[in-house]
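# Inside the fold
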Amino acid sequence: MGLTGLQIFKLLPKTNCKECGVATCMAFAMALANAKASLDQCPYVSDEAKEQLDAAAAPPIKKVTLGAGDFTRTMGDETELFRHDKKFFNETVIAIMVEDTEDVAAKAEAFDKKVYERVGLTFYTDALAIVNASGDAGKFKAAVEAAMGKTDRVLVLCSEDADAMAAALEVAADRKPLICSATADNFDKMVELASSKGCPLAVKGANLEETVEMATKAFAAGAKELVLDSGSRQVSQTVADLTQIRRQALKRTKGFGFPTMAVVTAEGDMDQIVEAVSYMSNYAGLIALKADDDALLLPLLSWRQNLYTDPQKPIAVEPGLKEVGEVTPDSPVYTTTNFSLTYYIVEGEVEASKMPSYILAVDTDGISVLTGFAAGKFTGETIAAAIKETGLEDKVNHKNIVIPGGVAVISGKLEDASGWKVLVGPREASGIHKFVRENFK
Amino acid sequence: MAFTPLKEKYRNKVAQITLGATADQGGTRTSTVTIGGEQALPFLHFEGEIPNKPVVALEVWDIAPTEWNACFEQYYGDVYSDPAAWAKKCVEEYGAEMICLRLKGADPDFGDKSPEDCVATLKAVLGAVGVPLIVLGCGKYEKDNAIFPAIAEAGEGENLLLGVGEQENYKTLTAAALGYKHAIIAQSPIDINIAKQLNILIGEMNFDTSRIVMDPTIAALGYGIEYGYSIMQRARFGALTGDKAMANPMIGNVGFEAWRAKEANASQDDFPTWGEQEARGIMWEATTAASLITAGLGIVVLRHPKTVELVKKNIDDLMVPATY
Ligand code: B12
Ligand code: SF4
C-alpha cells in the first residue's frame, strides 16, 4: 500500500472499538500499512475512505491487456522512471500498420510469420494495426475480418469513425482489439463501444492536457482499460509527453495512470525505426509504425529486449558441461562463461558448425568473457577447476580445449593448471564456423 | 483540469566543451563543434536548457581495415589506404561533423607505425578537412604513451580531442593535452565510480576537468548495451543533481561496437529470417546510436554513411524545443 500508517489512520473512524482485533485504530492503521491486515476487518470504515485506500493500493499505472486467447499483451503496470532503479516490466507493444486499401490478407499473413530468434530468445511483432484509410465502414470491417483469418496476434483497430468501428467490432470484439481512438468528435460513441464490448480504448486529445481530461471522463463513463495518445506527432513533443505521463502517473496525478502509445510519423523505413527507438527509450507502451522489413525490426525488437532486462541480476545459465549434438569422445571442447548472452551466442555458433561438440560453461556468476577475465572469474585456474569438476577427462579421449580469442593471454596459465593443450579460437563467436573448417575437418 | 508539468529542479549543469579551433582561435579548422551544457535530461526541453545538440563523427583509420564488412567497400574502398582522402570523403560526401582518427597502425601487431608516421597522418588529415578531430591511440598503453606527446605537439592550436585515458594509463595523455591545450577522453569500464575517480585524478594534474569528455564504455545492441545505457543515465542524472565530478559530455564508439556484432555482418543466406545484411547492419548501428543518444551521448562515432544521415535526422527531430 502506498500510504503511511498515519495517512491511513486519518481515514479510519478513530473510535478504538477494537472490533478489528487490535486495540486502537492507530494500531490497525499501522498493520494495514505493513500489509499485515486487510481493510475489511474494520466494519466501520466509510465508503469514501475505502475508495481512497483502494486507489492508493492500486498500481500507479493501470494494467491493460490487449488481445484474447493464446496471444495477449500486457501494457502499463510500471513502477520506475529509470530501469536501473528496479526494472521495466511490460515490453513495448510493437504494432505494424496496414491500411484497409491494401491487400490486408496478404499483409497479415506475412506479418504473422514475423518471429525472430536470437541468443536463445524468441521475439514477436505483437500487433497488427488496421487503419481505416478508405474511410469506408464496410471496407474496414472486411479488412479486419481478413486480418483475423490470418493472424492470432493482437489487433489494433484504427478509425475515428464510430460507425466504422462499430462495424469492425461486430466481427472482432471477441479478440479484444485496441480501439483506436476516442477523440473529441466521437467521444461518447467510442466510449460506449469500448465499455459495452469490454475492449481497451485509446484516447487521443489535441494535446496532453486534453487527452488526460478525456481519459478521466472515459474512465468515469465505464471504459476502464485505457491507453493514452497525447496527440503529438512531433518527435520531441511526443518524448516530452511520454515522460510527463510516466512522471505524473508515478506521482499519482489523476488521469495519468494509464499506459501510453506513440505513432511513428517518419517517411523512410529506417527513419521510422530510429524514431521508434526514441519512443521506446522514453516509456512508450505501444508504438505503431509502418516499416515491416525483417532487417529493420530485428534491431528494434533487440533493443526492447535489452531495455527490459533485469538490471539487478544478469541472466545466467547453469554452469557445467553441455553437449551440442551427438557427441563422441572425439568431439571438440570449447569453453566459455555462464552469462546467458555469451553462452547462447557460442552455443548457436557451435550448433551451426554442424560438428557435435562439448561446451564447458564456467561459473562466472553470469558475466561475459572479458568482464569475467577482468574480475578474475574466467581464468586459467577457474577453467582448469571446471575441467576437473565436470569429469571432462573421462568423457573425451583428447586434451584439447578451445578458448575465446579475447582471452588468448590466459593460454599459458590454463595449460599449466590443467595439463590440457589450448587452442585459441576467434575473438567473436561468429568466427567459430570458419575455425572449425580450418582446424577440425 | 489544470495540468502542471512535473519538472526536476537541478542544481548543476553539464560542462560545455568546444572542440577544434579556427584561424582566429589559433588553429586551422573551418568549423568547430560545441557539446554539453545541458541543464536537463536528454531532450526534455521543458525542464531546462539544452544549448547544444549531439554531434556525429565518422571513423577513419591510418591503415586499411581488413576486418570491416565488405559492404563498406563501395563507400571507402577507394580511400582505405589514404586517410586524408578518406576523411575528406566522410566530411564532404557523408556529412561527418567531426573525424575520429584511429591510429590503429601504431599497434605493434598491426604495423607498429612510429610516432613520426602518426604525426604525418595527423597532418595530412588536418590538411584535408576543416572539421575538428578526435585522435585515438591504438589501445596499447606503452605505444600510446610514445605517440600521444608527438600528436599533441603536432596538433598544437587545433584543440583536438585526444584519447583515451584510462585509470591505469592517463598521465602521459593528460600531460600532453595540458601542454598543448587539447581536450581529452577519459574512459572507464562501465563503472560510475571509476569514471568519477578518473576525472578527479586527471583534475589533480591541473587539467581543467571541464575539458574532459567521458567515455563510459559502451557495448553494441544485443551485446550488453543496457549496462552502458544505464551507467550513462545514472551519470547524467548524478551530474544534474549536483555531482560535478561526472558533469561531462559523453562519447561512444558506436560504429566500432555495432559492426562487431554478428547481426550486423551475417549474410541473409545464412539467416533467411533476419533480412538483408547491409540494411540490418545499418540499423544495428543506428539503433545502438539512437538508444544511447536518449541516455545522453554527446559525440556519436559512426562508420556507415547511411547511419550518419539517420542519426542526424533523429537528433534534429529531438532538438525541436517542446514545452508546456
Ligand atoms: C556489459 C559489461 C559489463 C557488465 C557485466 C555484464 C555481464 N553480465 O557480463 C558490468 C557493468 C557488470 C561490468 C563490470 C566490469 N567490467 Co565490464 N564490460 C561490459 C562490456 C560493455 C560488454 C560485455 C558484454 O556483455 N559483451 C557481450 C558478450 C556476449 O561478449 P563476450 O562474453 O566477450 O563473448 C563474445 C566473444 O568473447 C566470443 N566468445 C565468447 N565465448 C567464446 C568461446 C569461444 C570458444 C570462442 C571461440 C569465442 C567466444 O563471442 C562472443 C560474441 O562475439 C565490455 C566492453 C565491450 N564493449 O565489450 C566491458 C569490459 C568487458 N569490462 C571490463 C572491466 C574491466 C570490468 C570491471 C572489472 C570494471 C570494474 N573495475 O568495475 C567490472 C568487473 C565485474 C565484476 N567484478 O564482477 C573490461 C575488460 C578489460 C579487459 N580486457 O580485461 C571491458 C572490455 C571494458 C573495457 N574496455 O575496459 N562489465
Ligand atoms: S474496527 Fe475500525 S474503528 Fe474499530 S478499532 Fe478497528 S479500525 Fe478502529
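You'll find the structure just up there.
Figured I'd write up the structure that's included with this text. None of the values given here were measured: they were computed from a predicted structure.

Criteria and cut-off values
- Residues numbered from 1 in each chain as written.
- Chains lettered and ligands numbered in written order.
- Predicted model: local features only at pLDDT ≥ 70, side-chain atom pairs only at ≥ 80, totals over all residues.
- Heavy atoms only, no water.
- Helix = DSSP H or I, 4+ residues; strand = E, 2+ residues; numbered from the N terminus.
- Rg over C-alpha atoms; globule rule 2.2 N^0.38 Å.
- Buried < 20%, exposed > 50% of the residue type's maximum accessible area, 1.4 Å probe, protein only.
- Contact = heavy atoms within 4.5 Å.
- Lys, Arg positive; Asp, Glu negative; His and termini not counted.
- Charge placed at Lys NZ, Arg CZ, Asp CG, Glu CD.
- 1 Å grid on protein atoms, 1.4 Å probe; cavity = no way out; pocket = protein on both sides within 12 Å on 5 of 7 lines; lining within 4 Å.
- Points joined across faces, edges and corners; volume = space filled by probe spheres on them.
- Nonpolar A, V, L, I, M, F, W, Y, C, P; charged D, E, K, R; others polar.
- Near = heavy atom within 4 Å.
- Polar contact = N/O pair within 3.5 Å; in protein donor to acceptor, adjacent residues only side chain to side chain.
- Patch = residues over 30% accessible without salt bridge, like charges linked within 9 Å, V, L, I, M, F, W, Y side chains within 5 Å.
- Areas by Shrake-Rupley, 256 points an atom, 1.4 Å probe, with all protein chains shown as cover.
- Salt bridge = Lys/Arg side-chain N within 4 Å of Asp/Glu carboxyl O.
- Pairing = 2+ DSSP bridges.
- Axes fitted to C-alpha atoms, helices over the stretch in contact; angles between N-to-C directions.
- Expected span 1.5 Å × (residues − 1).
- Buried area = accessible area lost by both parts, 1.4 Å probe.

## Quick look at the overall build of chain B
Scanning chain B from N- to C-terminus turns up 11 helices and 10 strands. A globule of 324 residues ought to have a C-alpha radius of gyration of about 20 Å, and chain B, at 19 Å, matches this closely. When the 324 residues of chain B are sorted by exposure, 63% land in the buried category. Taking the intrachain contacts of chain B between residues at least 6 apart in sequence as the baseline, contacts between residues at least 24 apart amount to 69%. Positive and negative charge centroids in chain B, built from 28 and 42 side chains respectively, lie 6 Å apart.

## Comments concerning the layout of surface pockets
Residue and element names in this part refer to chain A. Volume-wise, the second largest pocket comes out at about 770 Å³. Among the elements of the structure, α3 (47–57) and α8 (208–220) are those that each provide at least two residues to the lining of the second largest pocket. For the lining of the second largest pocket, the element with the highest residue contribution is α3, accounting for 6 residues. For the lining of the second largest pocket, the residue count by class is 13 nonpolar, 6 polar and 6 charged.

## Quick look at the site of ligand 1
Lining the immediate surroundings of ligand 1 are 39 residues, of which Thr336, Thr342, Ser368 and Glu428 of chain A together with Ile190 of chain B lie closest. Neighbouring residues of ligand 1 are not confined to one chain but are distributed across chains A and B. At 2.7 Å from a nitrogen atom of ligand 1 is found a side-chain nitrogen or oxygen belonging to Thr336 of chain A. Between Gly366 of chain A and ligand 1, the recorded distance is 3.1 Å, taken from a backbone N or O atom to a nitrogen atom.

## As for a nonpolar patch on the surface
All names here are of chain A. Taken together, the side chains of Leu370, Phe373 and Val409 make up a nonpolar region of the molecular surface, amounting to roughly 290 Å² of accessible area. Relative to the helices and strands, Leu370 resides in helix α13 (residues 369–374). The partly exposed category is assigned to Leu370, whose relative accessible area is 45%.

## A word on the pairing of strand β4 (residues 115–118) of chain A
All names here are of chain A. Going residue by residue along β4, you find Tyr116 and Arg118 tucked away on one face and Val115 and Glu117 left uncovered on the opposite face. Taken together, the 4 bridges between β4 and strand β5 (residues 121–124) define a ladder with antiparallel strand orientation. Counterpart to Glu117 in the pairing with β5 is Thr122.

## Observations regarding the sheet that holds strand β3 (residues 93–99) of chain A
Residues and elements named next belong to chain A. Strand order across the open sheet formed by 8 strands is β10-β9-β8-β7-β6-β3-β12-β11, with parallel pairing between neighbours. Since the sheet does not close on itself, it has two edges, and those belong to β10 (226–229) and β11 (261–263), each with one partner. Pairwise comparison of adjacent strand axes, ignoring direction, gives a mean angle of 25° for this sheet. One ladder, built from 5 bridges, connects β3 with strand β6 (residues 127–131); its direction is parallel. When the sheet's bridge partners are listed, Ala95 is paired in β6 with Ala127. Those strands touched by helix α11 (residues 294–307) are β3 and β12 (286–289), and its axis lies near 150° from that of β3.

## Notes on helix α12 (residues 340–352) of chain A
With 13 residues, α12 of chain A should cover 18 Å at 1.5 Å per step; its first-to-last C-alpha distance of 18 Å lies within 8% of that length. What α12 of chain A keeps buried is the set Ser340, Leu341, Thr342, Tyr343, Ile345, Val346, Glu349 and Val350 of chain A.

## Looking at the interface of chain A and chain B
Listed per partner, the contact involves 51 residues of chain A and 53 residues of chain B. In total, chain A and chain B occlude about 4500 Å² of area from one another, counting both sides; carbon and sulfur atoms represent 64% of this. Counting every contact that joins chain A to chain B gives 4 salt bridges. A salt bridge links Arg260 of chain B to Glu428 of chain A, with the nearest nitrogen and oxygen atoms 3.9 Å apart. Put simply, chain A and chain B have 17 residue pairs in polar contact (both at pLDDT 80 or more) between them. Looking at the side of chain A that touches chain B, the elements with two or more residues in it are β4, α8, α9 (235–250), α10 (269–280), α11 and α12 of chain A. Each residue belonging to the side of chain A that touches chain B can be placed in one class, and the counts come to 23 nonpolar, 14 polar and 14 charged.

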